[in-house]
Amino acid sequence: MKLNLQDTFSKELPADPIREQSRRQVMNACFSYATPRIPSNPSLLHVSDEMLEALDLSKEDAASEEFLSIFSGAKLLEGSDPYAMCYGGFQFGNWAGQLGDGRATNLGEVVHNDQRWALQLKGAGETPYSRRADGLAVLRSSIREHLCSEAMYHLGVPTTRSLSLALTGDEVLRDMMYDGNTAYEKGAVVCRMAPSFIRFGNFQILAANKDTDTLRVLTDYTIKHFFPEIKVGCEETYLQFFREVASRTLDMVIHWQRVGFVHGVMNTDNMSILGLTIDYGPYGWLEDYDYNWTPNTTDKAHRRYRYGNQPNITLWNVAQLGHSLLALIEDEQALKSVLEEYKRNYVERYHHMMASKVGLENSTPEDRKLFIRLEEILQLSEADMTIFYRELTNVDQDSNDALEVIQSAFYKPEEITGDIAEQWSQWLNDYKVRLKNEDRTAAERKIAMDKVNPKYVLRNYMAQLAIDKADLGDYTLIAEFYEMLKRPYEDQPEMNQWYAKRPDWARHKVGCSMLSCSS
Ligand code: AMP
Ligand code: MG
């Protein structure tokens, strides 16, 4: 098995000179060397064929003993000098100081077809950033990360990817719901891939430590490798960088809103500088359309990371990043103008996204009312977001039975009477009138709508079913979901079972509607 390793992060940025694994505060460095932990009895559960290809590896490579060894942490890739990144972050709005890769080790960067891929093992043991935790990950959260990162990619959402999912053969002690009920769970390791895993927090920790020199080196490095379109060496370089990060991050969050993804822990250490969805923890998929919904039990009280608040939090996070870059940009007014721009762009891109979801081609600001009303009505009773938009494609300007057409989206159809039914009828009428101004035929519109409204997403209970089976040693559902979620916008009649509302048993079940950060 041959990989074209070409490290830049660890070669071009300052390293922590201490090589031992002790937990410590790291200064004037971007990373510390850290060796993956050797698992006691590793086994491979699933490999993404697409990520194999991205690394120029074959199915035979994936089946080799060497592959398992390297991607479970048992053996080091030739030429690899693994490390953990140093970063800080604002957690739930408060500065938390140094965090860093507490359970991730970076194996290195592979270049293939002009594409750079950093490889990172998550759950491979302690690093200097492990603080009070064990550096490990459990099977349930690893399945969720592996499946969801690949699914998000196929939904067209910027995201980190996942190459492989392996059991370590070790047990990991967790208090899943933080209620004193600790239990041993199966340990697992995921190999994540992304052009880079740099986060907002990598910059923030340097700014917090007033280490402007290293901050500049890291920023120059990031621009050079990942923002080649930015002109370097001019007065505007760093501001341009900040503007571009804000724009990419906004794009990401608009996609989240489009597909109904709720991240659950949008702390600034979980914000990729490349605008990728990163760190799949207590995330969830919006089932009934509810702006207030958060999957994260730790967030239940304040709901900071609720679905409807994600664009605001993104802005808040971007503002914190700007604050950290102030030492380089030295122009507070210019930073503020980027935040103002974010707000304007948000309104525009949100509008564009909503227009595409309901199938309006040349949408005007006038349509805004239609979108706002729709979002209000969707929240009057439990309506399944995915099914609603997917079925709306079957409404056309002449439909007499529009409310019938979308009926299957309602969790409690018996509630759609009286005032609620009236509001729906009104909205559907307005919508049909608006469709008369469209040039596209109903069939053309349906094709376009089906490209932005997924039919299949990794519903919370589906991930839990895959986990429950895997716990019993049956990994078939992981493979089935992986394949199905490669084509989320296509009708797959044989997968009809998964185009369905959340079953009632999953309504309040741990792992389905309630997730914790314990992973
Ligand atoms: P998260 O909220 O999962 O993104 O994690 C926040 C911080 O805690 C990061 O620095 C993680 O590396 C660290 N962390 C989370 N779980 C563990 C663990 N089991 N062992 C060590 N560090 C962890
Ligand atoms: Mg994290």
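Since we're looking at a predicted model, the values are computed, not measured.

Draft legend 1. Inspection of the overall build of the protein at higher detail. Looking only at helices and strands, the protein has 17 helices and eleven strands in total. Computed over C-alpha atoms, the radius of gyration of the protein comes to 23 Å, within 12% of the 24 Å expected from 2.2 N^0.38 for 519 residues, which places it in the range of a compact globule. With respect to the three principal axes, the spread of C-alpha positions in the protein is 70 × 60 × 45 Å. Counting every position in the protein, which comprises 519 residues, the buried fraction comes to 59%. For the protein, the share of sequence-separated contacts (at least 6 apart) that also reach a separation of at least 24 residues comes to 71%. For the protein, the accessible surface area stands at approximately 20900 Å², while carbon and sulfur atoms represent 49% of it. Of the charged side chains in the protein, 57 are positive and 76 negative, and the gap between their average positions amounts to 2 Å.

Draft legend 2. Representation of the coordination of the magnesium ion (ligand 2). In the first shell of the magnesium ion (ligand 2), the protein supplies Asn 270 (OD1) and Asp 279 (OD), at 1.9 to 2.2 Å from the metal. Asp 279 matches Asn 270 in its accessibility class, with the two residues each being buried.

Draft legend 3. Here's a closer look at the site of ligand 1. Taken together, 17 residues surround ligand 1, and among them Gly 100, Gly 102, Arg 131, Gly 135 and Asn 270 come closest. Separating an oxygen atom of ligand 1 from a backbone N or O atom of Gly 100 is a distance of 2.6 Å. Between ligand 1 and Gly 102, the relevant distance is 2.8 Å, taken from an oxygen atom to a main-chain nitrogen or oxygen of the residue. For ligand 1, whose unbound accessible area comes to 480 Å², protein coverage reaches 82%. Residue composition of the shell around ligand 1, grouped by class: four nonpolar, six polar and seven charged.

Draft legend 4. Up close: the packing of aromatic side chains. Evaluated as defined, the whole model comprises 29 aromatic pairs. Aromatic side chains Tyr 461 and Trp 498 sit 6.5 Å apart centroid to centroid with 40° between the ring planes, which places their arrangement in the tilted category. Note that Tyr 461 is positioned in helix α16 (residues 460-471) and Trp 498 in the segment after α17 (476-484), a separation of 37 residues in sequence. Exposure class is identical for Tyr 461 and Trp 498. Each is buried. Following the ring pairs from residue to residue traces out a cluster consisting of Phe 9, Phe 31, Tyr 33, Tyr 83, Tyr 221 and Phe 226. Sitting over the ring of Tyr 33, Arg 19 keeps its end group 3.6 Å from the ring centre. Over the ring of Tyr 153 we find Arg 161; its NZ or CZ atom is 3.6 Å from the centre of that ring.

Draft legend 5. Representation of the nonpolar core within the structure. Of all hydrophobic cores here, the largest spans 137 residues; its most connected members are Phe 9, Trp 285, Leu 392, Trp 424, Leu 458 and Phe 481. Looking at which domains feed residues into this core, each of domain 1 (9-200) and domain 2 (363-437) gives three or more. Filtering out sequence-adjacent residues up to four positions away, Trp 285 remains in contact with Cys 148, Met 152, Leu 155, Val 259, Gly 260, Phe 261, Trp 293, Val 457, Leu 458, Arg 459 and Asn 460. Counting residues in each nonpolar core, the second largest holds 22 residues, with Leu 55, Phe 67, Phe 71 and Ala 124 among its members.

Draft legend 6. Here's a closer look at the domain arrangement of the protein. Domain assignment breaks the protein into domain 1 (9-200) and domain 2 (363-437). Each of domain 1 and domain 2 has a C-alpha centre, and these two points are 43 Å apart.

Draft legend 7. Spotlight on the side chain of Arg 174. For Arg 174, the location among the structural elements is in strand β8 (residues 161-175). A polar contact is formed between the side chain of Arg 174 and the backbone oxygen of Leu 136, at a distance of 2.9 Å. Ignoring sequence-local partners within four residues, the contact set of Arg 174 consists of Asp 134, Leu 136, Ala 137, Val 138, Arg 140, Asn 181, Thr 182, Ala 183, Glu 185, Ser 518 and Ser 519.

Draft legend 8. Seen up close, the pattern of salt bridges. Evaluated as defined, the whole model comprises 41 salt bridges. Arg 502 is the partner of Glu 382 in a salt bridge, and the nearest nitrogen-oxygen pair spans 3.2 Å. Taken together, the residues span a long stretch of sequence, with Glu 382 in the loop between α11 (368-378) and α12 (385-392) and Arg 502 in the segment after α17 at a distance of 120 residues. In this pair, the class of Glu 382 matches that of Arg 502, namely buried. Salt bridges sharing common partners tie together Glu 287, Asp 288, Glu 382, Lys 412, Glu 415, Arg 502, Asp 504 and Arg 507.

Draft legend 9. How the structure looks around the packing of helix α8 (residues 237-259) against helix α10 (residues 332-358). At their nearest, the axes of α8 and α10 sit 9 Å apart, and the two run at 30° to each other. If you check the angle between α8 and α10, you find them roughly parallel. For the pair α8 and α10, the crossing hand works out as right-handed. Across the interface between the two elements, Leu 239, Phe 242, Arg 243, Ala 246, Ser 247, Leu 250, Asp 251, Val 253, Ile 254, Gln 257 and Arg 258 of α8 pack against Ala 334, Leu 335, Val 338, Leu 339, Glu 341, Tyr 342, Asn 345, Tyr 346, Arg 349, Tyr 350, Met 353 and Lys 357 of α10.

Draft legend 10. Structural detail: α11. Taken as a whole, α11 has its buried residues at Leu 370, Phe 371, Leu 374, Glu 375, Ile 377 and Leu 378. On an axial view of α11, the arc spanned by its buried residues comes to 165°, and they lie on one face. Packed against the buried residues of α11 are α10, α12 and α14 (418-435).

Draft legend 11. Fine view of the side chain of Arg 24. Looking at where Arg 24 falls in the secondary structure, it is placed in the loop between α1 (9-12) and β1 (31-33). Looking at Arg 24, its side chain comes within polar contact range of the side chain of Asp 16, at 2.8 Å. Among the polar contacts made by the side chain of Arg 24, one reaches the main-chain carbonyl oxygen of Ile 18 at a distance of 3.1 Å. In this structure Arg 24 touches Asp 16, Ile 18, Ser 32, Gln 98 and Pro 128, once residues within four positions along its chain are discounted.

Draft legend 12. Structural view of unusual backbone geometry. Of note in the backbone geometry, Asn 113 takes a positive phi value of approximately 50° without being a glycine. Inspection of the secondary structure puts Asn 113 in the loop between β6 (104-112) and β7 (115-122). Despite not being glycine, Asp 279 shows a phi value in the positive range, around 65°. Its place among the elements puts Asp 279 in the loop between β10 (261-262) and β11 (284-285). For Asp 279, a relative accessible area of 14% puts it in the buried group.

Criteria and cut-off values
- Chains are numbered independently. Their residues run from 1 in the order of the written sequence.
- Numbering of ligands from 1 and lettering of chains from A proceed in the order in which they are written.
- Confidence filtering applies because this is a predicted model: local features only for residues at pLDDT of at least 70, side-chain atom pairs given and counted only at 80 or more, and all residues used for totals across whole chains, interfaces and linings.
- Side-chain calculation: all heavy atoms of the structure are included, whereas hydrogens and water are not.
- Only runs of H or I of at least four residues qualify as helices and only runs of E of at least two qualify as strands under DSSP, and these elements are numbered from the N terminus.
- Between the two quantities, the radius of gyration covers C-alpha atoms and the globule rule is 2.2 Å times the number of residues to the power 0.38.
- A simple rule labels every residue: compare its accessible area, found with a 1.4 Å probe on the protein chains alone, to the largest value its type can have, and call it buried under 20%, exposed over 50%, or partly exposed in between.
- Any two residues having at least one pair of non-hydrogen atoms within 4.5 Å are treated as being in contact.
- Per-residue and other accessible areas were derived by the Shrake-Rupley procedure at a 1.4 Å probe size, with only the shown protein chains allowed to occlude residues.
- Charge counting follows a simple rule: Lys and Arg are positive, Asp and Glu are negative, and His as well as the terminal groups are ignored.
- A charge is said to be at NZ when it belongs to Lys, at CZ for Arg, at CG for Asp and at CD for Glu.
- Sites may look incomplete because water is not among the atoms; the donors themselves are N, O and S atoms within 2.8 Å of the metal, or within 3.2 Å for Na, K and Ca.
- Whether a residue is near a molecule or strand depends on its heavy atoms: it is near if one of them lies within 4 Å of it.
- Two N or O atoms form a polar contact when they lie within 3.5 Å of each other; inside protein one atom must be a possible hydrogen donor and the other a possible acceptor, and for residues adjacent in sequence the pair counts only when both atoms belong to side chains.
- Throughout this entry, Asp, Glu, Lys and Arg are counted as charged residues, while Ala, Val, Leu, Ile, Met, Phe, Trp, Tyr, Cys and Pro are counted as nonpolar. The remaining residues, Gly among them, count as polar.
- Stacked, tilted and edge-to-face are the three classes applied to pairs of Phe, Tyr and Trp rings, where Trp contributes its six-membered ring and a pair requires centres within 6.5 Å; stacked means planes under 30 degrees apart, edge-to-face means over 60, and tilted covers the rest.
- Only when the NZ of Lys or the CZ of Arg is both within 6 Å of the ring centre and within 35 degrees of the ring normal is a charge said to sit over the ring.
- Here, the term nonpolar core denotes a set of buried Ala, Val, Leu, Ile, Met, Phe, Trp, Tyr and Cys residues that are joined through side-chain atoms within 4.5 Å.
- Domain delimitation follows an automatic or database domain assignment.
- One speaks of a salt bridge when a side-chain nitrogen belonging to Lys or Arg is within 4 Å of a carboxyl oxygen belonging to Asp or Glu.
- Throughout, an axis means a line fitted to C-alpha atoms (over the contacting stretch in the case of helices), and angles, computed between N-to-C directions, take values from 0 to 180 degrees.
- Angles are sorted into four bins: roughly parallel if under 35 degrees, roughly antiparallel if over 145, roughly perpendicular if 65 to 115, and oblique for all others.
- Note on convention: near helix rotated counterclockwise from far helix by under a right angle means a left-handed crossing. Clockwise means right-handed.
- What the arc covers is the set of directions going from the helix axis to the C-beta atoms.

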